[in-house]
Amino acid sequence: MIEMVGLHALRAHQFNESTVRRRNCTLNLVREDVDQKSRSILERAMESEHDSSCWRRVASEVTAAGRSRVDVINAVHEHCGISLLRAHRIAFGYTLKEVSDSLKTILREHGTPSDGPAHQRVSSWEKGLDIPTSHYMDALCELYRTRPDRLGFGRDYSKADVGMARRRFLRAAAVGTIVATHPSKTEKTDGERCEDSDQVTVEKLEELVHRRGYRMYISDPADFVSSCVADIAAAQRLLLTDRSSDAQRRAHRVVARNAGFVANRLTDVADAPDTVNWWRIAVQAARRAEDTSTEAWILGHFADAHSCFGQSLASGLGLAQSAQGVERSRLSSAAVFGYLAEAGVQARLGRSREAIDAVRQADRMWSALPSTAKVEDGVRLPEYLLRWHQSNALTVIGRHQWANTLRRRAMELPLSVKDDDGRTLLVLDQAASLFHAGELDRACWTVKHAWNKLPVPFRTGQVPRTTSRLMARISPADASTREVCDLRDFLFAQGVHPFISVQA
């Protein structure tokens, strides 16, 4: 058995030559084009990882379960990561050309002369590259018998729903709309925001971003993101007013750290496309700050986002290996996290040996880190995050005995109690181990218990995605049992769309 805890310290000079060559090669490739990749990497993956056969399978399974067309639309949207507009077309069974022809017919019936949109234009609406004009929007609503917000255009403000308000805020933050409208004086929400931006200094912003890191995993996501975005706006104003090279680098570092925090939180509670702009902002700001330590931290967590969403894994592997090599001259927590991110990616690529190697390497390197590199400041690597990522990767590849030991250790640590999202994901991994062992009663109870204790802000994003994947891996024989059928109904009632595998 591999000894996962307390392995001997590993010095930087012990890395073998082939590992160093691999890092350098990957680093050169990733550094040259990461700006373009970070802009579109997850967006491209939305289609490459979940193609039309996946859409049809999900729609067929939800329909076969006797659910409504609205359930089908939501299931395809959430599981496959496609837009609501495209999910409507899939649920109705239309092709792009059929939608184009139908819109032309509807406009003619309305007395609006039009040749109708080309199917390429309809596709651009579905991908979020363009927005339909008012007469096309009205025709789309008639075609799908719905309203604009349910097609993904605008929001429904008719209900004072706290959960929806949080999601609206996070989605707005994800596209950066709040930055442009940041007021000069803002309300405090988590005690970590500048009160008067007219008097803000780079020193004050550095102090705030340092303190905020300690709250990343324990603050309400909406409040946390709000504070980060507000201080990014303040740093951007400083960039316009203080042109000294030192002030410029420090302000860019503030932007990089805050953007990285936003991207991390959105990875937990939002969808993949919502994080793309923030990762791009963080990478670019770190480079403008000439801060390799922050850059390595961002690249490692960007790689981990690929694992979380299960998308564009090859590119995620390149980013993880780049994070390992950015600071070649010294051992750092960012390099260790690069190996943890690699373990997650390799596990999801089905490469068990490589995932185990990365888990072991991270363990040895972490043991060699000084205590100052293990604090819970959102940037460095405390033991809780080490054990969390190790146990998760080992669960994915089916090494449940090792995973269970590490997971128990993670859940004993103080940060586990405060990290609602992370702890719930650990519990879902525990349920996966129970399903693997054939303990259906305990596994189903564990999933229900985790959801019943989950705070509202975390009932979107990673937890429902992980739950859906967990249910999809249940064997066909187990899927027909009373326990699993009851769990599936329970999850549907929570707004989760669990997909039971129909393949052996």
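What comes next concerns the included structure. Every value quoted in this text rests on a predicted model; they were computed, and no experiment measured them.

Counting its regular elements, the protein contains 25 helices and zero strands. When contacts within the protein are restricted to residue pairs at least 6 apart in sequence, those whose partners lie at least 24 apart make up 66%. Of the roughly 22300 Å² that the protein leaves accessible, carbon and sulfur atoms contribute 48%.

So, on to the packing of helix 4 (residues 84-92) against helix 6 (residues 119-126). Put simply, helix 4 and helix 6 touch, their axes get as near as 7 Å, and they point 120° apart. Between helix 4 and helix 6, the angle is such that the two are oblique. Between helix 4, through L85, R86 and R89, and helix 6, the contact on the second element is made entirely by S123, W125 and E126. Class assignment for the residues of the contact of helix 4 with helix 6 results in two nonpolar, one polar and three charged.

Here we take up the environment of W451. In this fold, W451 is placed in helix 22 (residues 440-453). Remark: the alpha-carbon pair of W451 and L428, spanning 23 residues in sequence, is separated by 9.5 Å. For W451, the contacting residues outside a window of four places in its chain are R459, V463, P464, T467, F490, L491, Q494 and V496.

Membership of the largest hydrophobic core comes to 91 residues, with the highest contact counts inside it found for F435 and V447. Residue contributions to this core peak at nine residues, all from helix 12 (residues 245-269). Contact partners of F435, with chain neighbours within four places excluded, come to L440, A443, C444, V447, L470, I474, V484 and L487. Listed in part, the 18 residues of the second largest apolar core include V99, L107, Y136 and M137.

Let us look at the side chain of T467. Looking at the element boundaries, T467 is found in helix 23 (residues 462-472). With a relative accessible area of 0%, T467 lands in the buried category. Those residues in contact with T467 that sit more than four places away from it in its chain are L428, V447, W451, L491 and V496.

Attention now goes to the packing of aromatic side chains. Counted by the stated rule, this structure contains seven aromatic pairs. Summarising the aromatic geometry, the rings of F261 and W297 are spaced 5.6 Å apart at their centres and angled 75° between planes, so their arrangement reads as edge-to-face. Note that F261 is positioned in helix 12 and W297 in helix 14 (residues 292-309), a separation of 36 residues in sequence. An identical accessibility class is assigned to F261 and W297; each is buried. Geometrically, the ring pair formed by W279 and F302 is stacked, given 5.2 Å between the ring centres and 10° between the ring planes. On the criterion of sequence distance, the pair formed by W279 in helix 13 (residues 272-288) and F302 in helix 14 is long-range, its members being 23 residues apart.

We now examine helix 22. Here helix 22 spans 20 Å end to end across 14 residues, near enough to the 20 Å set by a 1.5 Å rise per residue. Three or more residues of helix 22 are buried, namely L440, A443, C444, T446, V447, A450 and W451. Each buried residue of helix 22 sits inside an arc of 155° when the element is viewed along its axis, so together they form one side. Exposed side chains of helix 22 directed beyond 90 degrees from the buried face belong to D441, W445, N452 and K453. Packing partners of the buried residues in helix 22 comprise helix 21 (420-436), helix 23, helix 24 (476-479) and helix 25 (482-493).

The rules behind these values
Residues numbered from 1 in each chain as written. Predicted model: local features only at pLDDT ≥ 70, side-chain atom pairs only at ≥ 80, totals over all residues. Heavy atoms only, no water. Helix = DSSP H or I, 4+ residues; strand = E, 2+ residues; numbered from the N terminus. Contact = heavy atoms within 4.5 Å. Areas by Shrake-Rupley, 256 points an atom, 1.4 Å probe, with all protein chains shown as cover. Axes fitted to C-alpha atoms, helices over the stretch in contact; angles between N-to-C directions. Parallel < 35°, antiparallel > 145°, perpendicular 65-115°, else oblique. Nonpolar A, V, L, I, M, F, W, Y, C, P; charged D, E, K, R; others polar. Core = buried A, V, L, I, M, F, W, Y, C linked by side-chain atoms within 4.5 Å. Buried < 20%, exposed > 50% of the residue type's maximum accessible area, 1.4 Å probe, protein only. Phe/Tyr/Trp six-rings, centres within 6.5 Å; stacked < 30°, edge-to-face > 60°. Expected span 1.5 Å × (residues − 1). Arc of directions from axis to C-beta.

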